[in-house]
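A look at the structure
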Amino acid sequence: AQSVTQLGSHVSVSEGALVLLRCNYSSSVPPYLFWYVQYPNQGLQLLLKYTSAATLVKGINGFEAEFKKSETSFHLTKPSAHMSDAAEYFCAVSALGSSNTGKLIFGQGTTLQVKP
Amino acid sequence: SQTIHQWPATLVQPVGSPLSLECTVEGTSNPNLYWYRQAAGRGLQLLFYSVGIGQISSEVPQNLSASRPQDRQFILSSKKLLLSDSGFYLCATTAQGAIYGYTFGSGTRLTVV
């Protein structure tokens, strides 16, 4: 079975500072990994995904994440935070398996606060 | 590309009343469809998923049910709402398997009073 743990339910950074949101996963098969962003009262928007190609994945809005199998991690980073980055971020894992249901298992989410 | 429509955006319902939330998908055929619930301060909990018309799988026992009467229509229902059914409900779809991730609807904020 797959699971995701996001370390830190709230992260606060200053505008212009590095953003680091942590995600560790557990999967018995090679995983597909995703980061989503959610703004208040909206659905989730895909930031980036890892699907067994390059381990460093670049996404939208300047975000990137690195898949580290040895650490079972997929941390999300952005070199310089912008006020508009304030939102909730979800890490998710999926394994196709034989049923191909495409189910995603989400972490509990991390709320990113950006201070001026 | 896929587009997913979900309505209503907000809903306030009394305890014991029925519920019907609808989700439709455009731009793809035979999609996988999912209903998630997001309770305050918690992550997303998968409630139901469907890989085809009339095929519904339930992830957790609960007061809710789902149906898929048409290929691109997914409905979440309840006969009698409970206070604990309050939350933010999200419909999602994936057309080509998990490697593409989900496309999410805009969500329905349900408050049971």
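Residues numbered from 1 in each chain as written. Chains lettered and ligands numbered in written order. Predicted model: local features only at pLDDT ≥ 70, side-chain atom pairs only at ≥ 80, totals over all residues. Heavy atoms only, no water.

A separate point is the overall build of chain A. Along the backbone of chain A there are 0 helices and 11 strands. From first element to last, N terminus to C terminus, chain A shows the α and β order β-β-β-β-β-β-β-β-β-β-β. For chain A, the spread of C-alpha atoms along the three principal axes comes to 50 × 30 × 20 Å. Considering only residue pairs separated by 6 or more positions, chain A has 56% of its internal contacts joining residues 24 or more positions apart. Accessible surface for chain A amounts to roughly 5600 Å². Of this, 52% is attributable to carbon and sulfur atoms. (Helix = DSSP H or I, 4+ residues; strand = E, 2+ residues; numbered from the N terminus. Contact = heavy atoms within 4.5 Å. Areas by Shrake-Rupley, 256 points an atom, 1.4 Å probe, with all protein chains shown as cover.)

Residues and elements named next belong to chain A. By the definition in use, this model includes 2 disulfides over all chains. Here C23 connects covalently by a disulfide to C91, the sulfurs 1.9 Å from one another. What sets the handedness of the C23 and C91 disulfide is the S-S torsion sign, and at about -65 degrees it is left-handed. Separated by 68 residues along the polypeptide, C23 in strand 3 (residues 19-26) and C91 in strand 9 (residues 87-94) bring together distant segments of the chain. (Disulfide = S-S within 2.5 Å.)

Quick look at the interface of chain B and chain A now. Contacts between the two partners involve 23 residues from chain B and, on the opposite side, 23 residues from chain A. Taken together, both faces of the contact between chain B and chain A bury some 1700 Å²; the carbon and sulfur share is 58%. For the interface between chain B and chain A, the tally reads 1 salt bridge. A salt bridge links B:E59 to A:K103; the shortest N-O distance between them is 3.4 Å. Counting every contact that joins chain B to chain A gives 7 residue pairs in polar contact (both at pLDDT 80 or more). Residue classes in the side of chain B that touches chain A are distributed as 13 nonpolar, 7 polar and 3 charged. (Buried area = accessible area lost by both parts, 1.4 Å probe. Salt bridge = Lys/Arg side-chain N within 4 Å of Asp/Glu carboxyl O. Polar contact = N/O pair within 3.5 Å; in protein donor to acceptor, adjacent residues only side chain to side chain. Nonpolar A, V, L, I, M, F, W, Y, C, P; charged D, E, K, R; others polar.)

Residue and element names in this part refer to chain B. Ordered by their spatial adjacency, 4 strands build an open sheet running 1-3-8-7, and the pairing between neighbours is antiparallel. The sheet is open, and its two borders are formed by strand 1 (3-7) and strand 7 (65-70), each paired with just one other strand. Strand-to-strand, the axes of this sheet are offset by a mean angle of 20 degrees, without reference to chain direction. As judged from the 6 bridges shared by strand 3 (residues 19-26) and strand 8 (residues 73-78), these two strands associate in the antiparallel manner. In the strand pairing of strand 8, T24 is matched with Q73. (Pairing = 2+ DSSP bridges. Axes fitted to C-alpha atoms, helices over the stretch in contact; angles between N-to-C directions.)

If you look at soluble globular proteins, the nonpolar side chains tend to sit buried side by side. Counting residues in hydrophobic clusters, the biggest one holds 26 residues, and the most contacted among them are A:W35, A:L48, A:F74, A:L76 and A:Y89. Of all the elements in the fold, those that place two or more residues in this core are strand 2 (10-14), strand 3, strand 4 (32-38), strand 5 (44-50), strand 7 (64-68), strand 8 (73-78), strand 9 and strand 11 (110-115) of chain A. When residues no more than four places from it in sequence are discounted, the contact partners of A:Y89 are A:Q6, A:L21, A:W35, A:Y36, A:V37, A:L47, A:F63, A:L76, A:G109, A:T110 and A:L112. Formed by 19 residues, the second largest nonpolar core is a distinct cluster that contains B:L11, B:L21, B:W35 and B:L81. (Core = buried A, V, L, I, M, F, W, Y, C linked by side-chain atoms within 4.5 Å. Buried < 20%, exposed > 50% of the residue type's maximum accessible area, 1.4 Å probe, protein only.)

Another aspect to go through is the packing of aromatic side chains. Any pair of aromatic rings gets described here by the distance separating the centres and the angle formed by the planes. According to the stated counting rule, one finds 17 aromatic pairs over all chains in the structure shown. Their ring planes at 35 degrees and their centres at 6.3 Å tell us that A:F34 and A:Y36 sit as a pair that is tilted. The exposure classification of A:F34 matches that of A:Y36, with both residues buried. On the numbers, 5.7 Å between centres and 50 degrees between planes, the contact of B:Y102 with B:F104 is tilted. Residue B:Y102 is classed as buried on the basis of its relative accessible area, which comes to 4%. For B:F104, a relative accessible area of 8% corresponds to the buried category. In this structure an aromatic cluster arises from ring pairing among A:F34, A:Y36, A:F90, A:F106, B:Y34, B:Y36, B:Y49, B:Y102 and B:F104. (Phe/Tyr/Trp six-rings, centres within 6.5 Å; stacked < 30°, edge-to-face > 60°.)

Moving on, we get to the layout of surface pockets. What the second largest pocket holds in volume is close to 200 Å³. Lining the second largest pocket, in full, are A:F106, A:G107, A:Q108, B:R37, B:A39, B:R42, B:G43, B:L44, B:Q45, B:S84 and B:S86. (1 Å grid on protein atoms, 1.4 Å probe; cavity = no way out; pocket = protein on both sides within 12 Å on 5 of 7 lines; lining within 4 Å. Points joined across faces, edges and corners; volume = space filled by probe spheres on them.)

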